[in-house]
Amino acid sequence: MKANKVLFITQEITPYVSESEMAHIGRNLPQAIQEKGREIRTFMPKWGNVNERRNQLHEVIRLSGMNLIIDDTDHPLIIKVASIQSARMQVYFIDNDDYFQHRLMVADENGNEYTDNDERAIFYARGVLETVKKLRWCPDIIHCQGWMSTLVPLYIKKAYCDEPSFRDSKVVFSLFGDEFKNECTGNLTDKLMLKGIKKNDVESIISSPANYEEICKLAVAYSDGVIQNSEKVNENVLRFAREKGLPVLDYQQGDAFTDAINDFYDEVWESAPKK
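Computed from a predicted structure; not experimentally measured.

So, how was this worked out
- Residues numbered from 1 in each chain as written.
- Predicted model: local features only at pLDDT ≥ 70, side-chain atom pairs only at ≥ 80, totals over all residues.
- Heavy atoms only, no water.
- Helix = DSSP H or I, 4+ residues; strand = E, 2+ residues; numbered from the N terminus.
- Rg over C-alpha atoms; globule rule 2.2 N^0.38 Å.
- Areas by Shrake-Rupley, 256 points an atom, 1.4 Å probe, with all protein chains shown as cover.
- Lys, Arg positive; Asp, Glu negative; His and termini not counted.
- Charge placed at Lys NZ, Arg CZ, Asp CG, Glu CD.
- Pairing = 2+ DSSP bridges.
- Contact = heavy atoms within 4.5 Å.
- Axes fitted to C-alpha atoms, helices over the stretch in contact; angles between N-to-C directions.
- Buried < 20%, exposed > 50% of the residue type's maximum accessible area, 1.4 Å probe, protein only.
- Salt bridge = Lys/Arg side-chain N within 4 Å of Asp/Glu carboxyl O.
- Polar contact = N/O pair within 3.5 Å; in protein donor to acceptor, adjacent residues only side chain to side chain.

Enquirer: Sorry if this is basic, but what is going on with the overall build of the chain here?
Expert: What the chain contains, in helices and strands, is eight helices and eleven strands. Here the C-alpha atoms of the chain give a radius of gyration of 17 Å, agreeing with the 19 Å that 2.2 N^0.38 yields for 275 residues. In terms of overall dimensions, the chain has C-alpha extents of about 45 × 40 × 40 Å along its principal axes. Summing over all exposed atoms, the chain offers an accessible surface of approximately 12100 Å²; the carbon and sulfur share of this is 43%. The average position of the 34 basic charges and that of the 43 acidic charges among the side chains of the chain differ by 6 Å.

Enquirer: Sorry if this is basic, but what is going on with the sheet that holds strand E7 (residues 89-95) here?
Expert: Either a parallel or an antiparallel arrangement is found when strands of a sheet pair, and the pairing is made through backbone hydrogen bonds. Here nine strands make up an open sheet; going across it, the order is E3-E6-E7-E2-E1-E8-E9-E10-E11 and the pairing mixed. The sheet is open, and its two borders are formed by strand E3 (58-59) and strand E11 (248-249), each paired with just one other strand. Those strands touched by helix H8 (residues 255-271) are strand E1 (5-9), strand E8 (141-145), strand E9 (170-175), strand E10 (225-228) and E11, and its axis lies near 170 degrees from that of E10.

Enquirer: Explain unusual backbone geometry to me, please; I cannot follow it from the model alone.
Expert: Outside of glycine, negative phi angles account for most residues, and trans bonds account for most peptide bonds. With omega at 15 degrees, the peptide bond leading from threonine 14 into proline 15 counts as cis. Its place among the elements puts proline 15 in the loop between E1 and helix H1 (21-35). We note that glutamine 56 has phi near 55 degrees; this positive angle belongs to a residue other than glycine. Along the chain, glutamine 56 turns up in the loop between strand E2 (39-45) and E3. Take glutamine 56: its relative accessible area is 61%, and that puts it in the exposed class. Although it is not a glycine, arginine 136 adopts a positive phi angle of roughly 55 degrees. By secondary structure assignment, the location of arginine 136 is in the loop between helix H2 (117-135) and E8.

Enquirer: What am I meant to see in the pattern of salt bridges here?
Expert: Side-chain pairs of opposite charge can arise where the charged atoms are in close proximity. Within the structure shown, the criterion is met by 14 salt bridges. Measuring nitrogen to oxygen at the nearest pair gives 2.9 Å for the salt bridge that ties lysine 157 to aspartate 224. Of this pair, lysine 157 sits in helix H3 (residues 152-159) while aspartate 224 sits in the loop between helix H6 (212-221) and E10, and the two are 67 residues apart along the sequence. Using a relative accessible area of 24% as the deciding quantity, one classes lysine 157 as partly exposed. Relative accessible area serves as the criterion here: at 13%, aspartate 224 is assigned to the buried category. Across the pair lysine 158 and aspartate 201 runs a salt bridge, and its minimum N-O distance is 3.8 Å. Of the two residues, lysine 158 sits in helix H3 while aspartate 201 sits in helix H5 (residues 199-203), which places them 43 residues apart along the sequence. Linked by salt bridges that have partners in common, Lys46, Glu52, Lys80 and Asp95 make up one network.

Enquirer: Can you help me understand H6 in this one?
Expert: Counting along an α-helix, one turn takes 3.6 residues, and residues three or four places apart therefore face a common direction. In terms of burial, H6 is a largely internal element, nine of the ten residues being buried. When we look at burial in H6, the residues that qualify are Tyr212, Glu214, Ile215, Cys216, Lys217, Leu218, Ala219, Val220 and Ala221. Buried residues in H6 make contact with H3, E9, helix H4 (188-192), H5, E10 and helix H7 (235-243). By the N-cap criterion, in which a side-chain oxygen at the helix start approaches the backbone nitrogen of a residue two or three places on, H6 is capped by asparagine 211, the distance to glutamate 213 being 3.2 Å.

That is the geometry; function is a separate question.
Set out below in structure tokens:
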């Protein structure tokens, strides 16, 4: 049996943001997987440097309007969408005035990392999952790419595990060389709490404040497979995945890597325990 539906939760997609290894993969991998006959949905944050007019983004009113509570504060969820016509592919954008509008990615114009990057990642993860629920779409594989997606596996396996959209989903985490330098501010464990998540689910892996390596290990701990997407990645995270006995797809280049990822989805789908 093949995994037919793949949800891409990524951090960067060109042409919406500048070219990078991740942005290139975020643009081309979903198209390639779609062309291999699978159904896809693709999400990214609506960073402040995304030009809405040039890229013809528009708000999806029926999907917007929910408030997500993070650290006891309400944050409105705004969903926008745009099309990459040449790829016959839609991209959904998670937006919010506090976390994304008028703000860049990991750091501001002066190179100072945002102190609430952990909350931005929480908002992004929960915003994607709530939107997929509203779409009434049930992905077989959820492919998380970049540190902004690191909290998705925990939510899938703990907080959203009984949701019809995600009950049978298997999670693949792509490890890139996109480390941020500073630690997350405040107590990330407390901010992550939702029904179904216990403190030990988080505290057994990350400390407070958490760093890049720890949140990647948190992603790995609740994933069903790991892909090394950059030639140079955090070796401790990769070792952690192997020690857990997870399927790991080693780094490759070119079209062969796309084919290998496509096959890896089926490997993960068939090897992971079914509920």
